[in-house]
Amino acid sequence: AADRGVPVKRHMWGLAVSLAADPSRCLALIARMRSLGHQPEESEFASLVRLLVEHGDVDQARQLLEQIQRDGVAPRLRTLQPVLSHLLERDRVDDAWEVWEILRRDPGVLQSAAASSAAAAERITVQ
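Summary of the structure given here. These numbers come from a predicted model, not from an experiment.

## Points about the overall build of the protein
In step 1: A count of helical and extended segments in the protein gives 7 helices and 0 strands.
In step 2: Starting at the N terminus, the α and β elements of the protein follow one another as α-α-α-α-α-α-α.
In step 3: Buried positions account for 33% of the 127 residues belonging to the protein.
In step 4: Carbon and sulfur atoms form 54% of the exposed surface of the protein, whose accessible area is close to 7,800 Å².

## Focus on helix H6 (residues 93-105)
In step 1: The end-to-end C-alpha distance of H6, which contains 13 residues, comes to 18 Å, matching closely the 18 Å that a straight helix rising 1.5 Å per residue would cover.
In step 2: Asp95, Ala96, Val99, Ile102 and Leu103 are the residues of H6 that are buried.

## A word on the nonpolar core
In step 1: Judged by nonpolar contacts, the single largest core of 27 residues is most densely connected at Cys26, Val49, Leu64, Leu65, Leu80, Val83 and Val99.
In step 2: When residues of this core are traced back to their parent elements, those giving at least two are helix H1 (10-19), helix H2 (23-35), helix H3 (42-54), helix H4 (58-70), helix H5 (77-89) and H6.
In step 3: Considering each element in turn, this core owes the most residues, 6 residues, to H3.
In step 4: With sequence-adjacent residues up to four places away left out, Val49 is seen in contact with Ala61, Leu64, Leu65, Thr79 and Val83.

## Let's talk about the pattern of salt bridges
In step 1: Per the stated rule, a full pass over the model turns up 9 salt bridges.
In step 2: Between Asp59 and Arg92 there is a salt bridge, with the nearest N and O atoms lying 2.7 Å from each other. Separated by 33 residues along the polypeptide, Asp59 in helix H4 and Arg92 in the loop between H5 and H6 bring together distant segments of the chain.
In step 3: One salt-bridge network, held together by shared partners, links Asp59, Arg62, Arg92, Asp95 and Glu98.

## A look at the side chain of Glu42
In step 1: Its location among the elements puts Glu42 in helix H3.
In step 2: Residue Glu42 is classed as buried on the basis of its relative accessible area, which comes to 9%.
In step 3: With sequence-adjacent residues up to four places away left out, Glu42 is seen in contact with Val73, Ala74, Pro75, Arg76, Arg78 and Thr79.

What counts, and at which threshold
Residues numbered from 1 in each chain as written. Predicted model: local features only at pLDDT ≥ 70, side-chain atom pairs only at ≥ 80, totals over all residues. Heavy atoms only, no water. Helix = DSSP H or I, 4+ residues; strand = E, 2+ residues; numbered from the N terminus. Buried < 20%, exposed > 50% of the residue type's maximum accessible area, 1.4 Å probe, protein only. Areas by Shrake-Rupley, 256 points an atom, 1.4 Å probe, with all protein chains shown as cover. Expected span 1.5 Å × (residues − 1). Core = buried A, V, L, I, M, F, W, Y, C linked by side-chain atoms within 4.5 Å. Contact = heavy atoms within 4.5 Å. Salt bridge = Lys/Arg side-chain N within 4 Å of Asp/Glu carboxyl O.

Encoded structure:
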């Protein structure tokens, strides 16, 4: 639609990225977003990291984690978890520690995960 001069709302880009079935399509959508002046959010990067890991490219996922931090995007636990799980399942403990360092450098990642978990537990308890 954007190619035909029809404006695409920001949230539609996020939806398209989250529904992409392969990393190359996801990368192309993120590149297109940027070319149109939209900065991808953490949730779009989380989708891309998950796809990269699912397709066996955990090293590119790790490079992406480093890049998004350089770009000023703080990854959340949901972004790091697929990479950590993949590395630990394959006994790549040293590499997993490097990813874990992201959590140590930014305690907000764990705090946001804890707050989300507490809120979810409260909703379940109240019902």
